Amino acid sequence: MEFSEVVGELLLVAPGDFVRARTERQRAVRKDDRALATRIGGLRKPAPAAWVVDLLVHDAALDEAIDLGPALRDAQASADPGEIATLRKQRARLVRGLTDRGAALAAEAGHDVTRAVLDQVAATIEAAMMDPHAAAAVRSGLLVRPLESVGFDGVDLDGALADPDAVPDAWSGSDAEPIPIDHAPSRQRSRRGGDHGDDGRGATGSTRASRQTARRRAAEPATGPDDDVPVPDRGALRRAEADARRASREADAALDAAEEALDAADTRRRDLEERREGLAAELERLDRDLADLADEVERLRGTRDDAEAASDRARAELDAARDRRRT
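Residues numbered from 1 in each chain as written. Predicted model: local features only at pLDDT ≥ 70, side-chain atom pairs only at ≥ 80, totals over all residues. Heavy atoms only, no water.

(A) View of the overall build of the protein chain. A tally of helices and strands in the protein chain yields 12 helices and 0 strands. N-terminal to C-terminal, the α/β element order of the protein chain is α-α-α-α-α-α-α-α-α-α-α-α. Counting over 327 residues, the protein chain shows a buried share of 30%. Long-range pairs, those at least 24 residues apart, make up 66% of the contacts in the protein chain between residues at least 6 apart in sequence. Of the roughly 19800 Å² that the protein chain leaves accessible, carbon and sulfur atoms contribute 50%. (Helix = DSSP H or I, 4+ residues; strand = E, 2+ residues; numbered from the N terminus. Buried < 20%, exposed > 50% of the residue type's maximum accessible area, 1.4 Å probe, protein only. Contact = heavy atoms within 4.5 Å. Areas by Shrake-Rupley, 256 points an atom, 1.4 Å probe, with all protein chains shown as cover.)

Here is the structure:
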């Protein structure tokens, strides 16, 4: 069995049972394929929102929403307000229905999810509609963390898939930057009457540059008018973000290891409790047997005493009979 097939099955297991199921599958394949067992052991537990999205993929519920993505991107590119408004309503209806369906699937699997988790599910679906690479990642059913489409940047897929090699389309294809639908009306207004400037970029380039500048400034520490603090470049910010993601993945791995150790300890505890209960039952049975034997000993002691008295009487009668015969 391929690793992606095993992963596809394990990611559908309810979060509370994931570590146990992963350990069982790892042990089952270890004898025949140690390399596969090692990869299974390193599989991350999916975030609740990612688990719900994988359930929706398994239920074939996301096709309509993801297929709407190209139309959404085309509408934004043409900045057609009427088409955008229609597609926004369709998107909202689809996403609302899918989050309801996801909540129902989670409940059927025995794991109710919170409103916050469903919000992440909605954000992941919308990211798949806005970015073709995110769409490929979501369609795979191998998601381990939720996705989000932010600003003009492509959806961050780093660490999002349990088996990235199984989903090449999530990493290649169009390089076009996804543009969130919520920004399209402002682009249209800029085309109609905004200040285009003299740099030749037009409204779209100006708007994009201003938004990128705003995002960069939001990430910078506040400074006073007289402070001479160097402004970090975007490369440094991206490297810091990558370091943070790496630390997050390491923390997730440590969490998985702790959960696995806890699961093993809990299994051992249950085994010992069952053994103790068995020993307690055996002790109770032995106590009953001992009490029955004590009663039997008392009864037999009485029988012995009666037999001894009868024997004494018989000997006395025998002695008396002998005496009478001699006289």
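(B) Structural view of helix 8 (residues 115–130). Here helix 8 contains 16 residues, and its C-alpha end-to-end distance of 23 Å stays within 8% of the 22 Å for a straight helix at 1.5 Å per residue. Residues of helix 8 that are buried include every one of V117, L118, V121, A122, T124, I125, A127, A128, M129 and M130, and no others. (Expected span 1.5 Å × (residues − 1).)

(C) Fine view of the confidence of the model for the protein chain. Averaged over every residue, the pLDDT of the protein chain is 75; the share at 70 or more is 73%. No element of the protein chain has a lower mean pLDDT than helix 10 (residues 184–193), which averages 31, and none a higher one than helix 4 (residues 48–58), which averages 94. (pLDDT = per-residue confidence, 0-100.)

(D) Seen up close, helix 1 (residues 3–10). Listed in full, the buried residues belonging to helix 1 are F3, V6, V7 and L10. Looking straight down helix 1, one finds that the buried residues subtend no more than 100° of arc, so they occupy a single side. Against helix 2 (15–30) and helix 3 (34–41) lie the buried residues of helix 1. (Arc of directions from axis to C-beta.)

(E) Structural view of the side chain of T99. By secondary structure assignment, the location of T99 is in helix 7 (residues 81–108). Of the residues examined, T99 reaches a relative accessible area of 4% and is grouped as buried. Within polar-contact distance, the side chain of T99 engages the backbone oxygen of R96 at 2.8 Å. (Polar contact = N/O pair within 3.5 Å; in protein donor to acceptor, adjacent residues only side chain to side chain.)

(F) Examining the environment of V117 more closely. Mapping V117 onto the fold places it in helix 8. When the C-alpha atoms of V117 and P48 are compared, they prove to be 6.6 Å apart, with 69 residues separating the residues in sequence. Excluding anything up to four places from it in sequence, V117 contacts P48 and A49.

(G) Geometry of the pattern of salt bridges. Within the structure shown, the criterion is met by 17 salt bridges. For R285, the salt bridge identified is with D289, shortest N-O distance 2.9 Å. Taken together, the residues span about one helical turn, with R285 and D289 both in helix 12 (residues 234–326) at a distance of 4 residues. Residue classification places R285 among the partly exposed positions, given a relative accessible area of 35%. Across the pair D305 and R304 runs a salt bridge, and its minimum N-O distance is 3.1 Å. A residue is classified by how much of its surface remains accessible, and D305, at 35% relative accessible area, is partly exposed. (Salt bridge = Lys/Arg side-chain N within 4 Å of Asp/Glu carboxyl O.)

(H) Main features of unusual backbone geometry. Of note in this structure, A60 is not a glycine but carries a positive phi near 55°. Turning to its location among the elements, A60 is positioned in the loop between helix 4 and helix 5 (63–67). For A60, a relative accessible area of 54% translates into the label exposed.

(I) Main features of the packing of helix 4 against helix 7. One can describe the packing of helix 4 onto helix 7 by two numbers: an axis separation of 9 Å at closest approach and a directional angle of 100°. If you check the angle between helix 4 and helix 7, you find them roughly perpendicular. Across from W51, V52, L55 and L56 in helix 4, the residues of helix 7 making contact are L98, R101, G102, L105 and A106. Grouping the amino acids of the contact of helix 4 with helix 7 by side-chain chemistry returns 7 nonpolar, 1 polar and 1 charged. (Axes fitted to C-alpha atoms, helices over the stretch in contact; angles between N-to-C directions. Parallel < 35°, antiparallel > 145°, perpendicular 65-115°, else oblique. Nonpolar A, V, L, I, M, F, W, Y, C, P; charged D, E, K, R; others polar.)

(J) Region of interest: the nonpolar core. Membership of the largest hydrophobic core comes to 60 residues, with the highest contact counts inside it found for L62, V121, I125, V138, L143 and L147. Here this core gets 9 residues from one element, more than from any other, and that element is helix 8. Once you skip the residues sitting within four places of it in the chain, L62 turns out to touch V53, L56, V57, L98, I125 and V138. (Core = buried A, V, L, I, M, F, W, Y, C linked by side-chain atoms within 4.5 Å.)

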